[in-house]
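# Chain and residue survey
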Amino acid sequence: MVDQLTLQPFFDSLGQPSSPHAVAVNAAATARMERILKSPVDAPGRGILLRAPRAGFGKTHLLSQVQQSLGTTHEFLPLNPLDGSRTDAPSAIEAALRRLTRQLPAGGGLTALDLQARRLFSLALQPLVSSGEVPCQDREAALTALRQRPVETFDFHHSQAVTAHWTKENFEVLGPRLALELSRRTGTSLNESSFWLASLFRFSIAVPEHPGRTGMIIQSSTSEAGVERYGALLALLSLIGRVVVAADDLEGMHADTSAALRFASFLASVRQDAPRVDVVVSVNDDIWESAFRPALSGGLQDRLGEVEIRLEPLDQAAAVALLESRMPGRAGALGHRLSLSPGEFYARRVLRRAAELEEDAGVSATPLLVAVPAVVPVEAPAGASEVETPRPAPVAPPEATVPVAPPAHAESVPAPAEVFAATAVPPVNDPPPSLGGAASPFTMVDPTFEPEIAPEPVLSVPATAFHAEPIAEVSLAAEASHFSSSETVSAAARPPARRPGVSPFSTVLDYDLDEATPAHPQMAQAPNNATPPQPPALTPVDAPAAESSGPPPLSWPNSDPEPDTETPEPVAAHSGGDRIDDLLRQFRERYGRE
């Protein structure tokens, strides 16, 4: 929910695309700033002091909006002190030229400096044509072209621009006369006017696609440059249109009175050399009180702040309008939950508070995702007795686990341990828990406990399903001991070794359907005193074919199968009443004789 707000920065930079604008935010200050800057070209400039109680009131955003509003008639040049406090002419010239050499949209590689230079050439040549010092066949047509179409007239890269090519061929003689005219009109020194005229001429005749022409003019202009050269550049540009120098990001001057004094003196000199230039200084109250006011004289303070524009805290309507510009559709609900004091109603604090509310709402509305293994319910067979088995030690859960539905007749259902031991099942992702306290081959692991990976326990399989030997030859005591272990699965409790090539997980039994019982057609229980038929073992090629038709339903083996009368079996493996009576009778006869 905070994604949209995250895309909108809390901080703006002068000269960069600004965040969405809310008209109600600082509306009076913005209107006053535009009204002051909308002065005629030949009107004197002003020193404008833009102040705010603290950072975050929207000073930079206001300047960006004014720049976008007046960008077609005004040229905004940034002035950012080096290291936040040091101001010098080379850095100011470089910042201005980098701003002026930006390529124009659909301009074919031309920059704003190309257009300004052509207008300056036209402006300087007009008096020479009017006085006849520069002869021409049609003077009025030439003056009309210089006044109304200066950009096309001085297109040095067009073959039909006769005036531009004539100026290029005669610039060595014409240049000093043009520089003198510009110096007279701007009031700057002839040396600085000649320097900038020659620099702009070399920049204009170079191919726009040339990669080094911007670097060449910056390098030549910043070498041994002083404040007078910077003032001359601004004075030349102010002949074409209104120029605004905006000084922002002055936080580095906090409590540095010497830096504030140098900065104010630099701006005062610039305004003397370029009287038509407007200078806007954006500063917070803490910087002004700690650095400027103690260091500046009354005259410097007046020059910096001829006009003072102060930003005030936002009201409720302006705060909601600000939130609506950044978070459309959610501003109304957030505006009533800001809970800010009157001094905290400024742009950055409102946006941050709204981001906090959005983040809290997003966290509270998002459910916690806990990795819990899927639980597959297993229904206990009806009538089966519950077997209390201690919880085994944590081991890796087996992969072959699925629930098995109970049969229709519940009176012959064995214990769950024997049921799971007799069923070969396909694997699933998560093991189901044991229910009702019955013994289960699955190991329940606490989600918060990460057990060590241990070998998977071997499931015991009765001989009636997977062995060819008679039932009487299998020790049922060994089978029972496999599920009665409370800690680990010991080797002694494992079932007898199976015949090689026969596996309960890769073999499909194929009993005769005619001999199967109606309830369990696939695995019928062998009758008492009879040996079940031996199932044929399928080859690896035949096994998939048998499985393709769907796994056959598995039968539930008898919990107490009748032993083979012809083969004697251990006493502990039989639980019939007749066998117990025989043992008691033998015991009485044996000890009775003694």
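Quick note: structure is the one above.
Our subject in this report is the structure included herewith. Quick caveat, the model's predicted, so the values are computed rather than measured.

Across the 7 residues of strand 4 (residues 278–284), 7 count as buried, placing the element largely inside the fold. Both faces of strand 4 are covered, namely the face carrying Asp278, Val280, Ser282 and Asn284 and the face carrying Val279, Val281 and Val283. Sheet topology note: the strand 1 (residues 47–52)/strand 4 ladder contains 6 bridges and is parallel. Its bridge partner lying in strand 4, leucine 49 is registered against valine 281.

Further remarks concern the nonpolar core. Note that soluble globular proteins tend to have their nonpolar side chains buried in a common cluster. Formed by 72 residues in total, the largest nonpolar core has its most connected members in Leu79, Leu125, Tyr230, Leu234, Phe263 and Phe292. Not counting residues within four places of it along the chain, the set of residues in contact with phenylalanine 292 comprises Leu250, Met253, Ala260, Phe263, Val283, Ile287, Gln301 and Leu304. By size, the runner-up hydrophobic cluster in this structure holds 19 residues, among which are Ala29, Leu37, Phe57 and Val66.

With their axes 10 Å apart at the nearest point, helix 10 (residues 190–205) and helix 12 (residues 227–237) run at an angle of 65° to one another. When the axes of helix 10 and helix 12 are compared, the pair comes out roughly perpendicular. Helix 10 and helix 12 meet at a crossing whose hand is right-handed. Seen from helix 10, the contacting residues are Glu192, Phe195 and Trp196; seen from helix 12, they are Glu228, Arg229, Ala232, Leu233 and Leu236. Taken together, the residues of the contact of helix 10 with helix 12 sort by class into 5 nonpolar, no polar and 3 charged.

With that settled, consider the sheet that holds strand 2 (residues 74–79). Two strands in a sheet stick together by hydrogen bonds in their backbones, pointing the same way (parallel) or opposite ways (antiparallel). Spatially, 2-3-4-1-5 is the arrangement adopted by the 5 strands of the open sheet, whose pairing is parallel. The open sheet has two edge strands with one neighbour each: strand 2 and strand 5 (307–310). Ignoring which end each strand starts from, the neighbouring axes of this sheet average 20° apart. In terms of strand pairing, strand 3 (residues 242–247) meets strand 4 through 4 bridges, oriented parallel. Within strand 4, the residue paired with valine 245 across the bridge is valine 279.

Definitions and cut-offs
- Residues numbered from 1 in each chain as written.
- Predicted model: local features only at pLDDT ≥ 70, side-chain atom pairs only at ≥ 80, totals over all residues.
- Heavy atoms only, no water.
- Buried < 20%, exposed > 50% of the residue type's maximum accessible area, 1.4 Å probe, protein only.
- Helix = DSSP H or I, 4+ residues; strand = E, 2+ residues; numbered from the N terminus.
- Pairing = 2+ DSSP bridges.
- Core = buried A, V, L, I, M, F, W, Y, C linked by side-chain atoms within 4.5 Å.
- Contact = heavy atoms within 4.5 Å.
- Axes fitted to C-alpha atoms, helices over the stretch in contact; angles between N-to-C directions.
- Parallel < 35°, antiparallel > 145°, perpendicular 65-115°, else oblique.
- Left-handed = near helix turned anticlockwise from the far one by under 90°.
- Nonpolar A, V, L, I, M, F, W, Y, C, P; charged D, E, K, R; others polar.

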